[in-house]
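The lines below spell out each chain.
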Amino acid sequence: MGYETARHLASLGMHVIIAGNEKEEGAAAVRRIKEEGCERKAEFVYIDLTSLKSVRNFAQAFKQRRLPLHVLVNNAGTMMVPERNTEDGFEFHFELNYLGHFLLTNLLLDTLKRSGGGAAAPGSSTCPPLLTTQGICYSSHGAYSQSKLALVLFTYYLQEQMMAGGFPVIANAVDPGMVDTALYDNLWSLAQAMKKPVAKILFRTPAEGASISVYAAAASEMEGVGGCYLYNGEKMQSSPPSYDSELQAELWKKSCELVGLKEV
């Protein structure tokens, strides 16, 4: 989905920076995008969203270039990874799917404000309020779901702050549905075998999934429209916990503490 999103945005004339932790894959993606049109601007820059240090280094390097930033698509993610922590000591899903994006967005927020841009965060919100996994049986599905709920809570709260401050930045949450990508590679073997024939019939292609992010980022009818939960290109209601303003504020405050940011 990340590649298809970048390819489509580049086709619209945008200068696209693909940020990721797979250097060879990123370089190949840039070559493919440029081969489709000599005028397309695309580049790859390394970032590891499971490392707060890497996120800070990326943001600092980007800001030193003094480029405008009109669109930020927080697309990276993982699912169903066995229990493990990152180098920063956080549960893996939580930092890769949410906390790394939270820090990156906040570090680039001033640039977005000056440029007049928007942020889109692919995710779903189908789980109950955030719970700690300490002292209880670990569930990779539960950890994944909570990281995605965190993204939606974060998106709504960010939008409220941008509106309150009168800043020309919009934030939306995107749910691409079930997309046939490597996200499902961590399923146990029998589930993977069952998934293959089903995916061809029921799952969206990466290009179809990416179209929702592109719609949020570039569609004329979405200009100035924020705080939405988009599924299949339509505004939908996310789960009730995602609209809990107290939970949104609590998560924002705790996230700032975890990454060492002053509350915006």
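Residues numbered from 1 in each chain as written. Predicted model: local features only at pLDDT ≥ 70, side-chain atom pairs only at ≥ 80, totals over all residues. Heavy atoms only, no water.

(A) Structural context of the overall build of the protein chain. Helix and strand counts for the protein chain come out as nine helices and seven strands. Going through the 264 residues of the protein chain one by one, you find that 49% of them count as buried. Taking the intrachain contacts of the protein chain between residues at least 6 apart in sequence as the baseline, contacts between residues at least 24 apart amount to 74%. For the protein chain, the accessible area works out to roughly 13700 Å², and carbon and sulfur atoms hold 52% of it. (Helix = DSSP H or I, 4+ residues; strand = E, 2+ residues; numbered from the N terminus. Buried < 20%, exposed > 50% of the residue type's maximum accessible area, 1.4 Å probe, protein only. Contact = heavy atoms within 4.5 Å. Areas by Shrake-Rupley, 256 points an atom, 1.4 Å probe, with all protein chains shown as cover.)

(B) The packing of helix H3 (residues 52-64) against helix H4 (residues 92-107), seen in detail. Two numbers describe how H3 lies on H4: the axes approach to 10 Å, and their chain directions differ by 30°. On the basis of their axis angle, the class for H3 and H4 is roughly parallel. Our pair here, H3 against H4, has a crossing hand that is right-handed. Along the contact surface, H3 presents Leu-52, Val-55, Arg-56, Phe-58, Ala-59 and Lys-63, while H4 presents Glu-95, Gly-100, Leu-103, Leu-104 and Leu-107. Grouping the amino acids of the contact of H3 with H4 by side-chain chemistry returns seven nonpolar, one polar and three charged. (Axes fitted to C-alpha atoms, helices over the stretch in contact; angles between N-to-C directions. Parallel < 35°, antiparallel > 145°, perpendicular 65-115°, else oblique. Left-handed = near helix turned anticlockwise from the far one by under 90°. Nonpolar A, V, L, I, M, F, W, Y, C, P; charged D, E, K, R; others polar.)

(C) Focus on helix H1 (residues 2-11). Every buried residue belonging to H1 is among Tyr-3, Glu-4, Thr-5, Ala-6, Leu-9 and Ala-10, and all of these are buried. A positive phi of about 95° marks Gly-13, the residue just after H1.

(D) Broad picture of the pattern of salt bridges. By the definition in use, this model includes four salt bridges. Linking Arg-7 and Glu-4 is a salt bridge whose minimum nitrogen-to-oxygen distance equals 3.0 Å. Within this pair, Arg-7 and its partner Glu-4 are both found in helix H1, separated by three residues, close to a single helical turn. Relative accessible area serves as the criterion here: at 24%, Arg-7 is assigned to the partly exposed category. (Salt bridge = Lys/Arg side-chain N within 4 Å of Asp/Glu carboxyl O.)

(E) Structural context of helix H2 (residues 23-35). The terminal C-alpha atoms of H2 lie 18 Å apart, and with 13 residues this matches the ideal 18 Å at 1.5 Å per residue to within 8%. Listed as buried for H2 are Gly-26, Ala-29, Val-30 and Ile-33. Buried residues of H2, viewed axially, fall in a sector of 100°; they line one side. Exposed and oriented more than 90 degrees from the buried face of H2 are Glu-24 and Glu-35. In this fold, the buried residues of H2 make contact with H1, strand E1 (15-20) and strand E2 (41-46). (Expected span 1.5 Å × (residues − 1). Arc of directions from axis to C-beta.)

(F) View of the pairing of E1. Alternating residues of E1 divide into Val-16, Ile-18 and Gly-20, all buried, and His-15, Ile-17 and Ala-19, none buried. Pairing between E1 and E2: six bridges, direction parallel. Each bridged residue has a counterpart across the sheet, and for Val-16 the counterpart in E2 is Ala-42. (Pairing = 2+ DSSP bridges.)

(G) Structural detail: the packing of aromatic side chains. Applying the stated rule across the entire model yields eight aromatic pairs. With a centroid separation of 5.9 Å and 45° between ring planes, the pair formed by Tyr-98 and Phe-102 is classed as tilted. Pair noted here: Tyr-98 and Phe-102 are both in helix H4, with a separation of four residues, about one helical turn. The burial state of Tyr-98 is the same as that of Phe-102; both residues are buried. Grouped by ring-pair contacts, the aromatic residues Phe-94, Tyr-98, Phe-102, Phe-154, Tyr-157 and Trp-252 constitute a single cluster. The ring centre of Tyr-46 lies 5.1 Å from the NZ or CZ of Lys-23, which sits over that ring. One Lys or Arg, Arg-84, reaches over the ring of Phe-92 and ends 4.1 Å from the middle of that ring. (Phe/Tyr/Trp six-rings, centres within 6.5 Å; stacked < 30°, edge-to-face > 60°. Lys NZ or Arg CZ within 6 Å of the ring centre and 35° of its normal.)

(H) Layout of the packing of H4 against helix H9 (residues 245-259). Packing of H4 against H9 brings their axes to within 11 Å, and their N-to-C directions diverge by 85°. When the axis of H4 is compared with that of H9, the two are roughly perpendicular. Contact with H4, carried on its side by Phe-94, Tyr-98, Leu-99, Phe-102, Leu-103 and Asn-106, involves Leu-251, Trp-252, Ser-255, Cys-256, Leu-258 and Val-259 of H9 and no other residues of that element. Its residues assigned to classes, the contact of H4 with H9 comprises 10 nonpolar, two polar and no charged.

(I) The arrangement of the side chain of Thr-50 in detail. When you line up the elements, Thr-50 lands in the loop between E2 and H3. Judged by its relative accessible area of 13%, Thr-50 falls in the buried class. Only 2.7 Å separates the side chain of Thr-50 from the side chain of Asp-48, close enough to count as a polar contact. If sequence neighbours within four positions are ignored, Thr-50 has contacts with Thr-86, Glu-87, Asp-88, Phe-92, Glu-95 and Leu-96. (Polar contact = N/O pair within 3.5 Å; in protein donor to acceptor, adjacent residues only side chain to side chain.)

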